[in-house]
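Secondary and tertiary structure notes
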Amino acid sequence: MASITIRNLDDEVKDLLRRLAAENDRSMEEQARIMIRAAVEGQLGPAGRIEQIEKTLRELTGSHGPATPVAAVSNQTPRGSLSGKRILLIIGGGIAAYKALDLIRRLRERGAAVRVVMTSAAQEFVTTLSVGALSADRVFTDLFDRNDEHDVGHIRLSREADLVVVAPATADLMAKLANGHANDLGSTVLIATDKPVLMAPAMNPKMWSHPATRRNRATLQKDGIAFVGPAKGEMAESNEAGEGRMAEPLEIVAAIEALLDIRPKPLAGRKIIVTSGPTHEPIDPVRYIANRSSGKQGHAIAAALARLGADVRLVSGPVGIADPVGVTTLHVETANEMKDAVEQLLPADAAVFVAAVADWRSVTSAGEKIKKVAGEGPPALQMVENPDILAGVGHHRQRPSLVVGFAAETQDLVRNAEAKLRKKGADFIVANDVSHEGAGSPGVMGGDRNKVRIVSKAGIDEWPEMSKGEVATRLAALIAERLKTIVV
Ligand SMILES: Cc1cc2nc3c(=O)[nH]c(=O)nc-3n(C[C@H](O)[C@H](O)[C@H](O)COP(=O)(O)O)c2cc1C
(Lines give C-alpha, C1' and ligand atoms only; values in the text may rest on other atoms or scores of the structure.)
Protein backbone atom coordinates (compact mmCIF):
# COMPACT_ATOMS: atom_id res chain seq x y z
CA MET A 1 0.00 0.00 0.00
CA ALA A 2 1.26 3.52 -0.73
CA SER A 3 2.58 5.45 2.27
CA ILE A 4 0.26 7.91 4.01
CA THR A 5 1.31 11.50 4.70
CA ILE A 6 -0.12 12.16 8.14
CA ARG A 7 0.82 15.84 8.15
CA ASN A 8 -1.69 16.51 5.37
CA LEU A 9 -4.60 15.38 7.54
CA ASP A 10 -6.82 17.74 9.56
CA ASP A 11 -5.61 18.47 13.10
CA GLU A 12 -8.70 16.87 14.60
CA VAL A 13 -8.13 13.64 12.69
CA LYS A 14 -4.42 13.74 13.56
CA ASP A 15 -5.23 14.03 17.30
CA LEU A 16 -7.57 11.06 17.07
CA LEU A 17 -5.06 9.02 15.08
CA ARG A 18 -2.26 9.83 17.50
CA ARG A 19 -4.25 8.63 20.50
CA LEU A 20 -5.57 5.48 18.88
CA ALA A 21 -2.09 4.63 17.57
CA ALA A 22 -0.61 5.04 21.07
CA GLU A 23 -3.34 2.94 22.65
CA ASN A 24 -2.83 0.15 20.11
CA ASP A 25 0.98 0.39 19.99
CA ARG A 26 0.88 1.04 16.26
CA SER A 27 2.35 3.76 14.09
CA MET A 28 -0.06 6.50 13.05
CA GLU A 29 0.27 5.33 9.44
CA GLU A 30 -0.66 1.80 10.39
CA GLN A 31 -3.64 3.03 12.40
CA ALA A 32 -4.72 5.17 9.44
CA ARG A 33 -4.48 2.15 7.11
CA ILE A 34 -6.75 0.11 9.39
CA MET A 35 -9.24 2.97 9.53
CA ILE A 36 -9.20 3.44 5.76
CA ARG A 37 -9.60 -0.29 5.18
CA ALA A 38 -12.56 -0.29 7.57
CA ALA A 39 -14.10 2.68 5.77
CA VAL A 40 -13.62 1.05 2.34
CA GLU A 41 -15.21 -2.15 3.60
CA GLY A 42 -18.22 -0.13 4.74
CA GLN A 43 -17.77 -0.92 8.42
CA LEU A 44 -17.95 2.72 9.51
CA GLY A 45 -21.25 4.33 10.39
CA PRO A 46 -22.28 7.70 8.95
CA ALA A 47 -19.29 9.96 9.43
CA GLY A 48 -21.32 12.82 10.87
CA ARG A 49 -19.86 13.31 14.31
CA ILE A 50 -16.26 12.73 15.25
CA GLU A 51 -17.31 11.08 18.55
CA GLN A 52 -19.35 8.56 16.55
CA ILE A 53 -16.37 7.77 14.31
CA GLU A 54 -14.16 7.41 17.37
CA LYS A 55 -16.64 5.01 19.04
CA THR A 56 -16.92 2.93 15.88
CA LEU A 57 -13.14 2.87 15.44
CA ARG A 58 -12.59 1.78 19.02
CA GLU A 59 -14.97 -1.12 18.41
CA LEU A 60 -13.25 -1.95 15.12
CA THR A 61 -9.73 -1.80 16.47
CA GLY A 62 -10.56 -3.45 19.78
CA SER A 63 -9.24 -0.45 21.74
CA HIS A 64 -10.72 0.01 25.21
CA GLY A 65 -8.97 3.20 26.20
CA PRO A 66 -10.92 6.04 27.75
CA ALA A 67 -13.18 7.69 25.21
CA THR A 68 -11.94 11.20 25.77
CA PRO A 69 -13.75 13.58 23.43
CA VAL A 70 -11.41 14.79 20.69
CA ALA A 71 -12.20 18.41 21.46
CA ALA A 72 -11.03 17.95 25.06
CA VAL A 73 -7.69 16.54 23.91
CA SER A 74 -7.22 19.37 21.45
CA ASN A 75 -7.74 21.86 24.25
CA GLN A 76 -5.00 20.23 26.29
CA THR A 77 -2.54 20.94 23.49
CA PRO A 78 -2.57 24.72 23.22
CA ARG A 79 -1.41 26.20 19.96
CA GLY A 80 1.88 27.92 20.54
CA SER A 81 5.24 28.81 19.19
CA LEU A 82 5.72 25.31 17.73
CA SER A 83 2.22 24.84 16.40
CA GLY A 84 2.21 22.44 13.46
CA LYS A 85 5.88 21.52 13.90
CA ARG A 86 6.90 17.86 14.03
CA ILE A 87 9.78 16.95 16.30
CA LEU A 88 11.47 13.56 16.22
CA LEU A 89 13.07 13.08 19.63
CA ILE A 90 15.78 10.45 20.06
CA ILE A 91 16.30 9.59 23.72
CA GLY A 92 19.75 8.19 24.50
CA GLY A 93 20.75 6.05 27.47
CA GLY A 94 21.86 8.46 30.16
CA ILE A 95 20.63 9.51 33.59
CA ALA A 96 19.25 12.72 32.04
CA ALA A 97 16.71 10.62 30.07
CA TYR A 98 14.18 11.50 32.79
CA LYS A 99 14.38 15.14 31.68
CA ALA A 100 13.26 14.06 28.20
CA LEU A 101 9.80 13.40 29.71
CA ASP A 102 9.47 17.04 30.71
CA LEU A 103 10.86 18.08 27.33
CA ILE A 104 8.08 16.15 25.55
CA ARG A 105 5.48 17.86 27.73
CA ARG A 106 6.94 21.33 27.07
CA LEU A 107 7.05 20.72 23.32
CA ARG A 108 3.46 19.48 23.18
CA GLU A 109 2.31 22.45 25.29
CA ARG A 110 3.67 24.63 22.50
CA GLY A 111 1.73 22.77 19.84
CA ALA A 112 4.45 20.47 18.49
CA ALA A 113 3.73 16.86 17.54
CA VAL A 114 6.44 14.75 19.18
CA ARG A 115 7.49 11.34 17.96
CA VAL A 116 10.02 9.43 19.98
CA VAL A 117 12.75 6.92 19.22
CA MET A 118 14.37 5.33 22.29
CA THR A 119 17.68 3.50 22.21
CA SER A 120 17.76 0.23 24.12
CA ALA A 121 19.98 1.88 26.74
CA ALA A 122 17.40 4.68 27.13
CA GLN A 123 14.78 2.06 28.04
CA GLU A 124 16.90 1.17 31.08
CA PHE A 125 16.30 4.67 32.40
CA VAL A 126 12.70 5.54 31.41
CA THR A 127 9.89 3.34 30.12
CA THR A 128 8.28 3.41 26.69
CA LEU A 129 4.98 3.51 28.58
CA SER A 130 5.70 6.93 30.17
CA VAL A 131 7.18 8.28 26.94
CA GLY A 132 4.24 7.01 24.85
CA ALA A 133 1.70 8.45 27.29
CA LEU A 134 3.36 11.87 27.21
CA SER A 135 3.96 11.97 23.47
CA ALA A 136 0.50 10.47 22.75
CA ASP A 137 2.08 8.34 20.08
CA ARG A 138 3.66 4.96 19.76
CA VAL A 139 7.35 4.87 20.75
CA PHE A 140 9.81 3.51 18.19
CA THR A 141 12.59 1.26 19.46
CA ASP A 142 13.50 -1.35 16.84
CA LEU A 143 15.29 -1.01 13.54
CA PHE A 144 14.03 -4.41 12.43
CA ASP A 145 10.36 -3.87 13.22
CA ARG A 146 8.23 -6.09 10.97
CA ASN A 147 5.26 -3.71 11.15
CA ASP A 148 7.18 -0.62 10.11
CA GLU A 149 10.02 -1.77 7.96
CA HIS A 150 7.97 -3.17 5.09
CA ASP A 151 7.73 0.46 3.96
CA VAL A 152 11.20 1.47 5.22
CA GLY A 153 10.05 2.93 8.54
CA HIS A 154 13.42 4.34 9.57
CA ILE A 155 13.60 6.49 6.45
CA ARG A 156 10.01 7.67 6.95
CA LEU A 157 10.66 8.49 10.61
CA SER A 158 13.72 10.52 9.72
CA ARG A 159 11.97 12.49 6.98
CA GLU A 160 8.51 13.05 8.49
CA ALA A 161 9.84 15.57 10.99
CA ASP A 162 10.83 19.21 10.81
CA LEU A 163 13.67 18.70 13.25
CA VAL A 164 15.46 15.76 14.88
CA VAL A 165 16.43 16.33 18.53
CA VAL A 166 18.75 14.03 20.49
CA ALA A 167 18.24 14.47 24.26
CA PRO A 168 20.12 13.23 26.10
CA ALA A 169 22.82 12.84 23.46
CA THR A 170 25.15 10.22 24.93
CA ALA A 171 28.87 10.07 24.21
CA ASP A 172 27.99 6.92 22.30
CA LEU A 173 25.36 8.53 20.05
CA MET A 174 27.70 11.43 19.30
CA ALA A 175 30.49 8.98 18.42
CA LYS A 176 28.19 6.94 16.20
CA LEU A 177 26.97 9.91 14.16
CA ALA A 178 30.43 11.50 13.95
CA ASN A 179 31.75 8.25 12.48
CA GLY A 180 28.77 7.30 10.35
CA HIS A 181 27.62 4.24 12.30
CA ALA A 182 24.05 3.02 11.83
CA ASN A 183 23.54 -0.11 13.89
CA ASP A 184 20.28 0.66 15.68
CA LEU A 185 17.15 2.69 14.99
CA GLY A 186 18.40 5.94 16.60
CA SER A 187 21.75 6.02 14.80
CA THR A 188 20.19 4.92 11.49
CA VAL A 189 17.56 7.67 11.66
CA LEU A 190 20.28 10.22 12.41
CA ILE A 191 22.30 9.27 9.36
CA ALA A 192 19.23 8.94 7.11
CA THR A 193 17.64 12.27 7.92
CA ASP A 194 17.61 15.26 5.62
CA LYS A 195 16.35 17.53 8.40
CA PRO A 196 18.30 19.71 10.87
CA VAL A 197 19.59 17.89 13.95
CA LEU A 198 19.95 19.35 17.45
CA MET A 199 21.94 17.51 20.13
CA ALA A 200 21.69 18.10 23.89
CA PRO A 201 24.71 16.21 25.26
CA ALA A 202 24.67 14.86 28.81
CA MET A 203 27.47 12.92 30.37
CA ASN A 204 30.02 12.76 33.12
CA PRO A 205 32.49 15.71 32.93
CA LYS A 206 35.39 13.32 32.28
CA MET A 207 33.51 11.78 29.35
CA TRP A 208 32.68 15.26 28.01
CA SER A 209 36.28 16.49 28.24
CA HIS A 210 37.76 13.30 26.76
CA PRO A 211 39.65 14.07 23.54
CA ALA A 212 37.50 11.52 21.66
CA THR A 213 34.26 13.31 22.63
CA ARG A 214 35.77 16.71 21.82
CA ARG A 215 36.86 15.40 18.41
CA ASN A 216 33.39 13.98 17.77
CA ARG A 217 31.72 17.23 18.76
CA ALA A 218 33.98 19.23 16.43
CA THR A 219 33.22 16.80 13.56
CA LEU A 220 29.48 17.01 14.20
CA GLN A 221 29.58 20.81 14.34
CA LYS A 222 31.46 20.84 11.04
CA ASP A 223 28.73 18.60 9.63
CA GLY A 224 26.13 21.19 10.61
CA ILE A 225 24.74 19.55 13.76
CA ALA A 226 23.51 22.16 16.27
CA PHE A 227 24.24 21.81 19.99
CA VAL A 228 22.56 23.07 23.13
CA GLY A 229 24.61 22.73 26.31
CA PRO A 230 25.93 20.95 28.21
CA ALA A 231 26.01 23.17 31.28
CA LYS A 232 28.25 23.11 34.30
CA GLY A 233 26.88 21.77 37.55
CA GLU A 234 26.39 18.83 39.87
CA MET A 235 26.12 15.43 38.24
CA ALA A 236 23.01 13.44 39.18
CA GLU A 237 24.79 10.10 39.46
CA SER A 238 27.80 11.06 41.57
CA ASN A 239 29.26 13.72 43.77
CA GLU A 240 31.15 15.08 40.81
CA ALA A 241 30.60 18.53 39.37
CA GLY A 242 31.74 20.03 36.11
CA GLU A 243 30.67 20.48 32.50
CA GLY A 244 28.38 17.74 31.20
CA ARG A 245 24.92 18.38 32.64
CA MET A 246 22.18 18.33 30.02
CA ALA A 247 20.63 21.72 29.21
CA GLU A 248 17.28 22.20 30.98
CA PRO A 249 14.15 21.27 28.98
CA LEU A 250 13.19 24.94 28.53
CA GLU A 251 16.67 25.74 27.19
CA ILE A 252 16.27 22.90 24.70
CA VAL A 253 12.82 24.23 23.74
CA ALA A 254 14.37 27.69 23.17
CA ALA A 255 17.04 26.10 20.97
CA ILE A 256 14.36 24.25 18.99
CA GLU A 257 12.35 27.45 18.57
CA ALA A 258 15.49 29.22 17.36
CA LEU A 259 16.29 26.48 14.84
CA LEU A 260 12.75 26.33 13.47
CA ASP A 261 12.28 30.06 13.46
CA ILE A 262 11.09 31.29 10.10
CA ARG A 263 10.36 34.87 11.09
CA PRO A 264 12.02 37.76 9.19
CA LYS A 265 15.68 38.34 10.03
CA PRO A 266 16.18 42.12 10.21
CA LEU A 267 19.71 41.67 11.60
CA ALA A 268 20.93 39.29 8.88
CA GLY A 269 24.44 40.30 7.81
CA ARG A 270 25.09 42.31 11.00
CA LYS A 271 27.90 41.33 13.33
CA ILE A 272 27.15 42.05 16.98
CA ILE A 273 29.42 41.60 20.01
CA VAL A 274 27.79 40.83 23.36
CA THR A 275 29.55 40.45 26.71
CA SER A 276 27.94 38.53 29.55
CA GLY A 277 28.50 37.14 33.03
CA PRO A 278 30.95 38.20 35.72
CA THR A 279 34.72 38.28 35.55
CA HIS A 280 36.95 36.44 38.01
CA GLU A 281 40.03 38.33 39.16
CA PRO A 282 42.56 35.98 40.75
CA ILE A 283 44.15 36.58 44.14
CA ASP A 284 46.01 33.27 44.20
CA PRO A 285 45.48 29.94 42.40
CA VAL A 286 42.33 29.14 44.44
CA ARG A 287 40.83 32.53 45.36
CA TYR A 288 39.34 35.24 43.18
CA ILE A 289 37.23 38.39 43.30
CA ALA A 290 33.85 37.92 41.58
CA ASN A 291 30.26 39.18 41.64
CA ARG A 292 26.76 37.71 41.55
CA SER A 293 26.18 38.08 37.79
CA SER A 294 24.74 34.81 36.38
CA GLY A 295 25.02 35.68 32.69
CA LYS A 296 21.28 35.03 32.22
CA GLN A 297 20.53 38.51 30.84
CA GLY A 298 23.56 38.74 28.56
CA HIS A 299 23.08 35.22 27.20
CA ALA A 300 19.38 35.90 26.58
CA ILE A 301 20.28 39.07 24.65
CA ALA A 302 22.83 37.18 22.55
CA ALA A 303 20.19 34.52 21.75
CA ALA A 304 17.53 37.14 20.94
CA LEU A 305 19.89 38.97 18.54
CA ALA A 306 20.77 35.65 16.87
CA ARG A 307 17.05 34.89 16.43
CA LEU A 308 16.81 38.14 14.45
CA GLY A 309 19.56 36.88 12.17
CA ALA A 310 22.64 38.62 13.63
CA ASP A 311 26.06 36.99 13.58
CA VAL A 312 26.51 37.17 17.35
CA ARG A 313 29.90 36.83 19.07
CA LEU A 314 29.35 36.35 22.78
CA VAL A 315 32.28 36.94 25.13
CA SER A 316 31.29 35.23 28.36
CA GLY A 317 32.85 35.32 31.78
CA PRO A 318 32.60 32.17 33.95
CA VAL A 319 28.90 31.18 34.18
CA GLY A 320 26.98 28.03 34.99
CA ILE A 321 24.52 28.23 32.09
CA ALA A 322 24.70 26.73 28.60
CA ASP A 323 26.09 28.64 25.60
CA PRO A 324 23.16 30.08 23.63
CA VAL A 325 22.24 28.29 20.40
CA GLY A 326 23.21 29.92 17.12
CA VAL A 327 25.82 32.12 18.81
CA THR A 328 29.61 31.87 18.68
CA THR A 329 30.73 31.95 22.32
CA LEU A 330 34.22 32.76 23.59
CA HIS A 331 34.95 31.94 27.23
CA VAL A 332 37.17 34.21 29.30
CA GLU A 333 37.96 34.62 33.01
CA THR A 334 39.33 38.08 33.71
CA ALA A 335 38.51 41.65 32.67
CA ASN A 336 41.78 41.87 30.72
CA GLU A 337 40.94 38.69 28.81
CA MET A 338 37.45 40.03 28.07
CA LYS A 339 38.89 43.32 26.79
CA ASP A 340 41.36 41.51 24.49
CA ALA A 341 38.65 39.19 23.16
CA VAL A 342 36.28 42.11 22.44
CA GLU A 343 38.97 44.17 20.70
CA GLN A 344 39.94 41.23 18.52
CA LEU A 345 36.31 40.92 17.41
CA LEU A 346 36.21 44.52 16.07
CA PRO A 347 35.01 45.76 13.63
CA ALA A 348 31.35 45.02 14.32
CA ASP A 349 28.02 46.71 13.62
CA ALA A 350 26.99 46.85 17.27
CA ALA A 351 28.30 45.92 20.71
CA VAL A 352 26.21 45.27 23.80
CA PHE A 353 28.12 45.26 27.10
CA VAL A 354 26.08 43.31 29.59
CA ALA A 355 28.92 41.66 31.53
CA ALA A 356 29.46 42.74 35.12
CA VAL A 357 33.18 43.39 34.75
CA ALA A 358 35.07 43.68 38.03
CA ASP A 359 36.15 47.30 38.55
CA TRP A 360 39.33 46.27 40.31
CA ARG A 361 41.77 43.41 40.45
CA SER A 362 44.55 42.47 42.81
CA VAL A 363 47.86 43.99 41.68
CA THR A 364 49.52 40.61 41.99
CA SER A 365 48.20 37.10 41.78
CA ALA A 366 50.24 34.84 44.05
CA GLY A 367 51.74 31.78 42.39
CA GLU A 368 50.95 29.64 45.45
CA LYS A 369 47.92 29.64 47.76
CA ILE A 370 48.40 32.43 50.33
CA LYS A 371 48.85 30.72 53.70
CA LYS A 372 47.07 31.74 56.87
CA VAL A 373 49.89 32.28 59.34
CA ALA A 374 48.98 32.44 63.04
CA GLY A 375 49.56 35.88 64.48
CA GLU A 376 50.24 37.59 61.13
CA GLY A 377 46.65 38.71 60.44
CA PRO A 378 45.00 38.96 57.01
CA PRO A 379 47.11 39.85 53.97
CA ALA A 380 46.68 43.38 52.63
CA LEU A 381 45.24 43.24 49.13
CA GLN A 382 46.52 45.99 46.91
CA MET A 383 44.00 46.71 44.17
CA VAL A 384 44.39 48.27 40.74
CA GLU A 385 41.68 49.47 38.34
CA ASN A 386 40.61 47.15 35.53
CA PRO A 387 40.28 48.44 31.94
CA ASP A 388 36.92 50.03 31.13
CA ILE A 389 35.85 47.85 28.19
CA LEU A 390 32.70 49.84 27.36
CA ALA A 391 34.52 53.21 27.33
CA GLY A 392 37.40 51.67 25.37
CA VAL A 393 35.09 50.51 22.58
CA GLY A 394 32.87 53.64 22.83
CA HIS A 395 35.92 55.76 21.92
CA HIS A 396 37.70 53.21 19.71
CA ARG A 397 38.76 54.13 16.16
CA GLN A 398 36.81 51.04 15.05
CA ARG A 399 33.79 51.98 17.18
CA PRO A 400 30.71 49.99 16.15
CA SER A 401 27.79 52.06 14.80
CA LEU A 402 25.78 51.24 17.90
CA VAL A 403 27.22 50.85 21.40
CA VAL A 404 24.98 49.78 24.27
CA GLY A 405 26.09 49.60 27.90
CA PHE A 406 24.44 48.20 30.99
CA ALA A 407 24.52 50.00 34.32
CA ALA A 408 23.73 47.92 37.37
CA GLU A 409 23.18 50.36 40.20
CA THR A 410 21.81 50.22 43.71
CA GLN A 411 21.31 54.00 44.07
CA ASP A 412 20.84 57.14 41.90
CA LEU A 413 20.08 54.87 38.97
CA VAL A 414 19.19 57.46 36.33
CA ARG A 415 21.84 60.04 37.34
CA ASN A 416 24.55 57.37 37.25
CA ALA A 417 23.29 56.00 33.91
CA GLU A 418 23.25 59.50 32.36
CA ALA A 419 26.81 60.11 33.56
CA LYS A 420 27.88 56.75 32.14
CA LEU A 421 26.24 57.56 28.79
CA ARG A 422 28.31 60.76 28.44
CA LYS A 423 31.61 59.38 29.75
CA LYS A 424 31.66 56.12 27.88
CA GLY A 425 30.61 57.12 24.39
CA ALA A 426 27.55 54.82 24.44
CA ASP A 427 24.41 55.35 22.36
CA PHE A 428 22.23 54.11 25.15
CA ILE A 429 22.54 52.66 28.59
CA VAL A 430 20.24 49.97 29.90
CA ALA A 431 20.00 50.87 33.55
CA ASN A 432 18.85 48.27 36.02
CA ASP A 433 18.30 48.74 39.69
CA VAL A 434 19.94 45.64 41.08
CA SER A 435 18.36 46.29 44.46
CA HIS A 436 14.88 46.22 42.87
CA GLU A 437 12.49 44.17 45.03
CA GLY A 438 10.62 41.28 43.48
CA ALA A 439 12.94 41.01 40.51
CA GLY A 440 14.37 37.61 41.31
CA SER A 441 16.26 36.39 44.29
CA PRO A 442 18.75 37.45 45.49
CA GLY A 443 17.90 40.66 43.62
CA VAL A 444 18.14 41.08 39.84
CA MET A 445 21.61 39.51 39.64
CA GLY A 446 21.06 35.77 39.41
CA GLY A 447 17.26 36.10 39.25
CA ASP A 448 15.01 35.52 36.23
CA ARG A 449 13.31 38.91 36.06
CA ASN A 450 14.51 42.41 35.41
CA LYS A 451 13.25 45.96 35.42
CA VAL A 452 15.17 48.34 33.23
CA ARG A 453 15.20 51.89 31.94
CA ILE A 454 16.68 52.80 28.58
CA VAL A 455 18.66 56.00 29.00
CA SER A 456 19.71 57.81 25.82
CA LYS A 457 20.22 61.36 24.62
CA ALA A 458 16.53 61.30 23.61
CA GLY A 459 15.44 60.72 27.21
CA ILE A 460 14.48 57.90 29.53
CA ASP A 461 12.19 55.04 28.58
CA GLU A 462 11.00 53.02 31.58
CA TRP A 463 10.08 49.38 30.86
CA PRO A 464 7.83 47.42 33.22
CA GLU A 465 9.24 44.48 35.15
CA MET A 466 9.45 41.41 32.89
CA SER A 467 11.43 38.21 32.45
CA LYS A 468 15.03 38.51 31.30
CA GLY A 469 13.99 36.73 28.09
CA GLU A 470 11.38 39.43 27.41
CA VAL A 471 13.88 42.22 28.14
CA ALA A 472 16.23 40.51 25.66
CA THR A 473 13.59 40.21 22.93
CA ARG A 474 12.56 43.87 23.34
CA LEU A 475 16.14 45.09 23.39
CA ALA A 476 17.03 43.05 20.29
CA ALA A 477 14.05 44.60 18.47
CA LEU A 478 15.20 48.08 19.56
CA ILE A 479 18.75 47.36 18.32
CA ALA A 480 17.36 46.10 14.98
CA GLU A 481 15.30 49.29 14.70
CA ARG A 482 18.29 51.52 15.46
CA LEU A 483 20.62 49.68 13.09
CA LYS A 484 18.03 49.99 10.31
CA THR A 485 18.42 53.77 10.44
CA ILE A 486 22.21 53.54 10.43
CA VAL A 487 23.48 53.18 6.88
CA VAL A 488 26.85 51.41 6.67
C1 LIG B 1 23.85 4.38 35.42
C2 LIG B 1 24.40 4.77 34.09
C3 LIG B 1 24.37 6.09 33.71
C4 LIG B 1 24.88 6.49 32.47
N5 LIG B 1 24.82 7.80 32.12
C6 LIG B 1 25.34 8.20 30.93
C7 LIG B 1 25.30 9.56 30.55
O8 LIG B 1 24.79 10.42 31.27
N9 LIG B 1 25.82 9.92 29.36
C10 LIG B 1 26.39 8.99 28.53
O11 LIG B 1 26.88 9.39 27.46
N12 LIG B 1 26.42 7.70 28.85
C13 LIG B 1 25.91 7.27 30.02
N14 LIG B 1 25.95 5.94 30.37
C15 LIG B 1 26.51 4.99 29.42
C16 LIG B 1 25.52 4.68 28.33
O17 LIG B 1 24.31 4.18 28.88
C18 LIG B 1 26.12 3.66 27.36
O19 LIG B 1 27.24 4.24 26.70
C20 LIG B 1 25.13 3.19 26.33
O21 LIG B 1 25.75 2.26 25.48
C22 LIG B 1 24.58 4.32 25.51
O23 LIG B 1 23.72 3.80 24.53
P24 LIG B 1 22.94 4.75 23.51
O25 LIG B 1 23.90 5.76 23.04
O26 LIG B 1 22.51 3.80 22.45
O27 LIG B 1 21.77 5.31 24.24
C28 LIG B 1 25.43 5.52 31.60
C29 LIG B 1 25.44 4.17 31.97
C30 LIG B 1 24.94 3.80 33.20
C31 LIG B 1 24.95 2.36 33.56
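Residues numbered from 1 in each chain as written. Predicted model: local features only at pLDDT ≥ 70, side-chain atom pairs only at ≥ 80, totals over all residues.

**So, the overall build of the chain**
A tally of regular secondary structure across the chain gives 18 helices and 22 strands. By residue count, 41% of the 488 residues in the chain fall in the buried class. (Helix = DSSP H or I, 4+ residues; strand = E, 2+ residues; numbered from the N terminus. Buried ≥ 20, exposed ≤ 12 C-beta atoms within 10 Å, placed from the backbone.)

**Re unusual backbone geometry**
Of note, the bond from Ala-167 into Pro-168 is cis; its omega dihedral lies within 30 degrees of zero at -5 degrees. The omega angle of the peptide bond from Gly-229 to Pro-230 is 5 degrees, so this bond is cis rather than trans. Tracing the sequence through the fold places Pro-230 in the loop between β6 (226-227) and β7 (231-234). Non-glycine residue Ala-136 carries a positive phi angle of around 55 degrees. Among the secondary structure elements, Ala-136 is positioned in the loop between α6 (128-135) and β3 (139-140).

**Remarks on the packing of helix α9 (residues 171-178) against helix α10 (residues 185-192)**
Where α9 contacts α10, the axes come no closer than 10 Å and their chain directions differ by 40 degrees. The angle between α9 and α10 places the two elements in the oblique class. At the point where α9 passes α10, the crossing takes the right-handed sense. Touching Leu-173, Lys-176 and Leu-177 of α9 are Gly-186, Ser-187, Leu-190 and Ile-191, all from α10. Across the contact of α9 with α10, the residue classes tally to four nonpolar, two polar and one charged. (Axes fitted to C-alpha atoms, helices over the stretch in contact; angles between N-to-C directions. Parallel < 35°, antiparallel > 145°, perpendicular 65-115°, else oblique. Left-handed = near helix turned anticlockwise from the far one by under 90°. Contact = placed C-beta atoms within 7 Å. Nonpolar A, V, L, I, M, F, W, Y, C, P; charged D, E, K, R; others polar.)

**Thoughts on the sheet that holds strand β4 (residues 163-169)**
Taken in spatial order, the six strands of this open sheet run β3-β2-β1-β4-β5-β6, and their pairing is parallel. Only two strands of the sheet have a single neighbouring strand rather than two, namely β3 and β6. Here β4 pairs with strand β5 (residues 197-201) via four bridges, running parallel. The residue of β5 that forms the bridge with Val-166 is Met-199. (Pairing = 2+ DSSP bridges.)

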